[in-house]
Amino acid sequence: MVTLTEELVYHNSKIRFNYWTIFFPAIGILLTILFIKYFVKNDISHGVAKVLYAISKNRSKIEKQNTYSSIISSSLTVGFGGSVGLEAPIVYTGAAIGSNIAQQLNLTLKLRTLFIACGCSAAIAGIFKAPIAAIIFSLEVIMLDLSMWSLIPILISSTTGALISYFFMGDKISFYFAVFEPFDKTKIPFYIVLGIFCGLFSLYFVKINRVIEKKLSEQKNIYFKACLGGLSLGILIFILPPLFGEGYVGLQHLMGNSPNTIMSNSIFFSLDDNSFSLICFLLILLFIKVIASSLTTASGGIGGVFAPALFTGGILGYIFAKTINLLQWFKLSEHNFTLVGMAGVMSGIMHAPFTSIFLIAEITGGYTLLFPLIVVSTIAYLVKYKFDKYSVYTYSLRKNNQLITHNKDKEAIRRLNIYDLIDQSFTTIPLTLTLSELVKTVLPNSNKNLFVVEKNTGEFVGIIQIDDILDILLDKSKYENLRVADLVIPPPATISLNQDNESIFKVFDKTDAWYLPVIDNSKYLGMLSKSKLLQKYRKLIVDFSED
């Protein structure tokens, strides 16, 4: 669909980068917004983050319309020049297909989550024909827990996705590079330095992305935002044509026999015989690509960071090797450093070092570069994590307390439906009740030793625990003139309806209480029992751990 859109928009190469093309990205983003507003009627941006949200907060349920909506919207965005990738929308589509199949079969939450992971892995395997990387992506980025029970279905799905892709599309993928220069172990120090640069650039990438998204989110008029972001993007593409679309064509130029071809159609083309000019051009392209990608998504376009990460990583690796070679200190393989740089930046941005390693290894047709891939990807991830602990996918989820976790313990807590555990069997008594009436009429009909005290208006006041007033109850002379109001005490804490599960557990731990009242707008709803919480939590842990 993207190729078809490009053909309809750019009839021939002669008009591809004239002044009219400045307006095309804005038109594509506007069409995307209109399609989402009037047909989808739901936010479908940030595909991978949406998958994580569905697993974390929506019980692994994704709406049926998302089985096609991301395909159409991303085709409009990228086909008109949006500087983003198609991988995240395709992953979201695969996840939606898996979720909807599971829903149609009335499968459990655990199986729905597994089907989502299977859909994601099949999508990645189909795009890159890299089934191993697809499996690792689902386990590293999407799934909650690694077990043989989940690994086998994902393995089958990713293999099937790759085979179907081979059947319909042949051996071609979005980009393919063969390693034709052997790995030189004496260059390991340079790979270490490249890993540091990749980590720092990944930090720049996510920070710029967040700043631009925050600034444009302040603009409430979606049409003005689309025009502003789209026109800004169009100007950048006119100046730097490799910013157009995913950028894989630019990488192919860079790794071909004539890397200066990447400057074609740009205002820098007259300088293409100068290696220094090429490096300056690539440096500008490297940092502006992040802005272009962020403008595309922040202004309303649909796409992901998969392709921009690979594009910028490749350019960074090439610049690094080319600069060392021009200084004539050492001779580095520009080809190999370009490939390894792709893995490094991808690892830092996505916090997915294993996926990055095996993706590049598979698309290059072998594992010749496995060792430098491991070195660069690991260092890039650690450097990025040192300064920023959240990936491009998880930052907004964490900010809104919606972050899914690979921690089985925390995930079990988050999936507890707390309010199904509220106990309403505790007796409520009025504040004006005398202690004598409590002893004669209430205590004989109750099997609890805790009572909830309310005002006549129904407003929660506090609690009375029989164990605390037992000495008074045993002496009739003491309680004849006492009222409930004289003995009511506040509970150690109260639970609010809008509290998240983790904070509720923390309240129980801090107060060491076994029962806490649930209050909504000063109204008592029931008691929450620590024992019931722990029983439900243990059951979820067992469910997560079963193979």
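**Here's the deal with the overall build of the protein chain**
Now for step 1: In terms of helices and strands, the protein chain carries 24 helices and seven strands.
Now for step 2: The buried share of the protein chain, reckoned over its 547 residues, is 54%.
Now for step 3: Sequence-distant contacts in the protein chain: of pairs separated by 6 or more residues, those separated by 24 or more amount to 75%.
Now for step 4: Of the roughly 25100 Å² of accessible surface on the protein chain, a fraction of 60% belongs to carbon and sulfur atoms.

**As for the pairing of strand 4 (residues 460–465)**
Now for step 1: With five bridges joining them, strand 3 (residues 450–454) and strand 4 adopt antiparallel strand pairing. Following the sheet pairing, Phe451 is matched in strand 4 by Ile464.
Now for step 2: The turn joining strand 3 and strand 4, which pair antiparallel and follow one another in sequence, is formed by five residues; a positive phi near 90° is taken by Gly458.

**A look at the pairing of strand 7 (residues 523–529)**
Now for step 1: In terms of burial, strand 7 is a largely internal element, five of the seven residues being buried.
Now for step 2: Examined bridge by bridge, strand 1 (residues 422–423) and strand 7 share two bridges and lie antiparallel to one another. Considered in strand 7, the bridge of Asp423 is made with Met527.
Now for step 3: Looking at chain direction, strand 6 (residues 515–520) and strand 7 are connected through six bridges and run antiparallel. Within strand 7, the position partnered with Asp520 by the bridge is Lys523.
Now for step 4: The turn linking strand 6 back onto strand 7 is made up of two residues, and Asn521 within it adopts a positive phi angle of 50°.

**As for a nonpolar patch on the surface**
Now for step 1: A contiguous nonpolar surface patch, about 830 Å² in accessible area, is contributed by Trp20, Phe23, Ile27, Leu31, Leu34, Tyr38, Phe39 and Leu231.
Now for step 2: When its relative accessible area of 62% is taken as the criterion, Trp20 is described as exposed.

**Some points on the environment of Asp420**
Now for step 1: Relative to the assigned elements, Asp420 resides in the loop between helix 18 (408–415) and strand 1.
Now for step 2: Separated by 108 residues in sequence, Asp420 and Leu528 have C-alpha atoms that sit 9.7 Å apart.

**Concerning the sheet that holds strand 6**
Now for step 1: Taken in spatial order, the four strands line up as 1-7-6-5 in an open sheet, and their pairing is mixed. The sheet is open, and its two borders are formed by strand 1 and strand 5 (495–496), each paired with just one other strand.
Now for step 2: Alignment of strand 5 against strand 6, held across two bridges, turns out to be parallel. In the sheet register, Ile495 faces strand 6, and the bridge partner there is Val518.
Now for step 3: This element, helix 23 (residues 501–511), spans strand 5, strand 6 and strand 7 of the sheet and lies at about 135° to strand 6.

**Overview of the packing of helix 5 (residues 87–104) against helix 6 (residues 109–128)**
Now for step 1: Orientation of helix 5 relative to helix 6, taken along the N-to-C sense of each, is 145°, at an axis distance of 7 Å. Between helix 5 and helix 6 lies a crossing whose hand is right-handed. Here Glu87, Ile90, Val91, Gly94, Ala95, Gly98, Ser99, Ile101, Ala102 and Gln103 of helix 5 come into contact with helix 6, specifically with Arg112, Phe115, Ile116, Gly119, Cys120, Ala123, Ile124, Ile127 and Phe128.
Now for step 2: When the residues that make up the contact of helix 5 with helix 6 are grouped by side-chain class, the tally is 12 nonpolar, five polar and two charged.

**Regarding the packing of helix 7 (residues 131–142) against helix 15 (residues 353–363)**
Now for step 1: In contact at an axis separation of 8 Å, helix 7 and helix 15 are set at 170° when each is read in the N-to-C sense. With respect to each other, helix 7 and helix 15 are oriented roughly antiparallel. Note on element contacts: helix 15 touches helix 7 through Pro353, Phe354, Thr355, Phe358, Leu359 and Glu362, opposite Pro131, Ile132, Ala133, Ile136, Phe137 and Glu140.

**Looking at the nonpolar core**
Now for step 1: One finds Phe128, Ile142, Leu282 and Phe306 to be the most contacted residues of the largest nonpolar core, which totals 110 residues.
Now for step 2: By residue number, the principal contributor to this core is helix 13 (residues 306–327), which donates 12 residues.
Now for step 3: Membership of the second largest hydrophobic core comes to 18 residues, among which are Leu421, Phe508, Ala513 and Tyr537.

**Focus on helix 23**
Now for step 1: Taken together, the buried positions of helix 23 are Asn501, Glu502, Ile504, Phe505, Val507 and Phe508.
Now for step 2: The first or second residue beyond helix 23 is Asp512, which carries a positive phi of 60°.

**Focus: the sheet that holds strand 2 (residues 428–430)**
Now for step 1: Within the open sheet, the three strands sit side by side as 2-3-4. Their pairing is mixed. Strand pairing shows two members of the sheet lacking a second neighbour, strand 2 and strand 4, which therefore form its edges. Sheet twist, expressed as the mean angle between neighbouring strand axes with direction ignored, is 35°.

**A word on the environment of Thr494**
Now for step 1: Here Thr494 shows up in the loop between helix 22 (484–487) and strand 5.
Now for step 2: Distance from Thr494 to Gly462, taken between C-alpha atoms, is 9.7 Å for residues 32 residues apart in sequence.
Now for step 3: Setting aside chain neighbours within four positions, we find Thr494 in contact with Phe460, Gln499, Pro517 and Ile519.

**Remarks on the confidence of the model for the protein chain**
Now for step 1: Residues at a pLDDT of 70 or more form 87% of the protein chain, whose mean pLDDT is 84.
Now for step 2: Within the protein chain, the lowest mean pLDDT, 58, falls on helix 1 (residues 2–9), and the highest, 95, falls on helix 16 (residues 370–387).
Now for step 3: The low-confidence segment residues 11–15, where pLDDT is below 50, has two contacts with residues more than four positions distant or belonging to other chains.

**Structural notes on unusual backbone geometry**
Phi is mostly negative for residues that are not glycine, and the peptide bonds are mostly trans.
Now for step 1: Despite not being glycine, Lys129 has its phi angle at roughly 50°, a positive value.
Now for step 2: When you line up the elements, Lys129 lands in the loop between helix 6 and helix 7.
Now for step 3: Residue class for Lys129 comes out buried when judged on its relative accessible area of 7%.

**Brief notes about the pattern of salt bridges**
Should their charged atoms come close, side chains of opposite charge can pair.
Now for step 1: In this structure the tally under the stated criterion is six salt bridges.
Now for step 2: For the salt bridge of Glu334 with Lys322, the shortest nitrogen-to-oxygen distance reads 3.9 Å. Of this pair, Glu334 sits in helix 14 (residues 334–350) while Lys322 sits in helix 13, and the two are 12 residues apart along the sequence. Lys322 shares its class with Glu334; the two are buried.
Now for step 3: Put simply, Lys207, Arg210, Lys384 and Asp388 are held in one network by salt bridges that share partners.

Thresholds, definitions, all that
Residues numbered from 1 in each chain as written. Predicted model: local features only at pLDDT ≥ 70, side-chain atom pairs only at ≥ 80, totals over all residues. Heavy atoms only, no water. Helix = DSSP H or I, 4+ residues; strand = E, 2+ residues; numbered from the N terminus. Buried < 20%, exposed > 50% of the residue type's maximum accessible area, 1.4 Å probe, protein only. Contact = heavy atoms within 4.5 Å. Areas by Shrake-Rupley, 256 points an atom, 1.4 Å probe, with all protein chains shown as cover. Pairing = 2+ DSSP bridges. Patch = residues over 30% accessible without salt bridge, like charges linked within 9 Å, V, L, I, M, F, W, Y side chains within 5 Å. Salt bridge = Lys/Arg side-chain N within 4 Å of Asp/Glu carboxyl O. Axes fitted to C-alpha atoms, helices over the stretch in contact; angles between N-to-C directions. Left-handed = near helix turned anticlockwise from the far one by under 90°. Nonpolar A, V, L, I, M, F, W, Y, C, P; charged D, E, K, R; others polar. Parallel < 35°, antiparallel > 145°, perpendicular 65-115°, else oblique. Core = buried A, V, L, I, M, F, W, Y, C linked by side-chain atoms within 4.5 Å. pLDDT = per-residue confidence, 0-100.

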